[in-house]
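Notes for the structure review
Okay, here's what each chain looks like letter by letter:
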Amino acid sequence: LDTVQQAVVAFDLDGKIIYHNEHAVEMYGWKGREVLGQSATSVIETDVTPEIEQRVENCLASGTRWTGEVRYMDVQGNWSPAMLILSPLYDQHQMRIGSIGVSFDLTDLQEAEQAAARAENLLREFIDTAPFGTHHYELTPDGGLIFSGANQTAGRILHLDHDSIVGKRIED
């Protein structure tokens, strides 16, 4: 488990950490095995509300996993977004002995999504203010085209109010 790029942390029924892999050390900023035996809530600070904590415990108690996005604080005090998956942990007799959490930091993914959104907005602004006319279409599953809009220049060039044809097929 030390080779996976996700933090893996196992807890007993009292919430004490009984195992963690090396990526958990990197992600949370722990020093080696210092957190073994400690309460998870004392060493992993998150923004999870008491209501969500109750839902998580209900899921685990009923034998199902819980998945959600949370924010966590590392030992330096930095908050970061993470995807967290918590599952019940069973012994060889199928008795629940704790829980296991797998988490991964979402910072890089969210930064990439924000950069893509900024690039899309710049492109959209460029097209909307371009000195040439553009028409926008959506491709339908059957290969048809539906008119979805035009920039202002297209309206001036064609002397046409494009709003009246938005949503219509190009064949119409």
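Residues numbered from 1 in each chain as written. Predicted model: local features only at pLDDT ≥ 70, side-chain atom pairs only at ≥ 80, totals over all residues. Heavy atoms only, no water.

What to know about the pattern of salt bridges
One pass over the structure, following the stated rule, counts four salt bridges. Residue Asp142 pairs with Arg169 through a salt bridge whose shortest N-O separation is 3.5 Å. Pair noted here: Asp142 is in the loop between β7 (135–139) and β8 (145–150) and Arg169 is in the segment after α5 (152–158), with a separation of 27 residues, a long-range link. Classification of Arg169 by relative accessible area gives partly exposed; the value is 30%. (Salt bridge = Lys/Arg side-chain N within 4 Å of Asp/Glu carboxyl O. Helix = DSSP H or I, 4+ residues; strand = E, 2+ residues; numbered from the N terminus. Buried < 20%, exposed > 50% of the residue type's maximum accessible area, 1.4 Å probe, protein only.)

Re the confidence of the model for the protein chain
Mean pLDDT over the protein chain: 90, with 100% of residues reaching 70 or higher. For the protein chain, per-element mean pLDDT is lowest for helix α2 (residues 40–43), which scores 84, and highest for β8, which scores 94. (pLDDT = per-residue confidence, 0-100.)

Concerning the packing of aromatic side chains
Counted under the stated rule, the structure contains four aromatic pairs. Between the aromatic rings of Tyr28 and Trp30, the centroid separation amounts to 5.0 Å while the plane-to-plane angle is 25°, which identifies the pairing as stacked. With respect to class, Tyr28 is no different from Trp30; both count as buried. Relative to Phe147, the ring of Tyr137 has its centre 5.6 Å away and its plane inclined at 75°; by these criteria the two rings are edge-to-face. Taken together, the residues Tyr137 in strand β7 and Phe147 in strand β8 connect sequence positions ten residues apart. In this structure Phe147 comes out as buried when scored by relative accessible area, which is 5%. Three or more aromatic residues link up through ring pairs in this structure, and these residues are Tyr28, Trp30 and Tyr72. (Phe/Tyr/Trp six-rings, centres within 6.5 Å; stacked < 30°, edge-to-face > 60°.)

A short note on the sheet that holds strand β6 (residues 96–105)
Spatially, six strands are ordered β2-β1-β6-β5-β4-β3 in an open sheet, and the strand pairing comes out antiparallel. The strands lining the two open edges of the sheet, one partner per strand, are β2 (17–20) and β3 (45–46). Pairing of strand β5 (residues 79–90) with β6, which is carried by nine bridges, proceeds in the antiparallel orientation. Residue pairing for β6: Ser87 is matched across the bridge by Ile100. The strands touched by helix α4 (residues 107–129) within the sheet are β4 (66–73), β5 and β6, with β5 carrying the most contacts at an inclination of about 135°. (Pairing = 2+ DSSP bridges. Contact = heavy atoms within 4.5 Å. Axes fitted to C-alpha atoms, helices over the stretch in contact; angles between N-to-C directions.)

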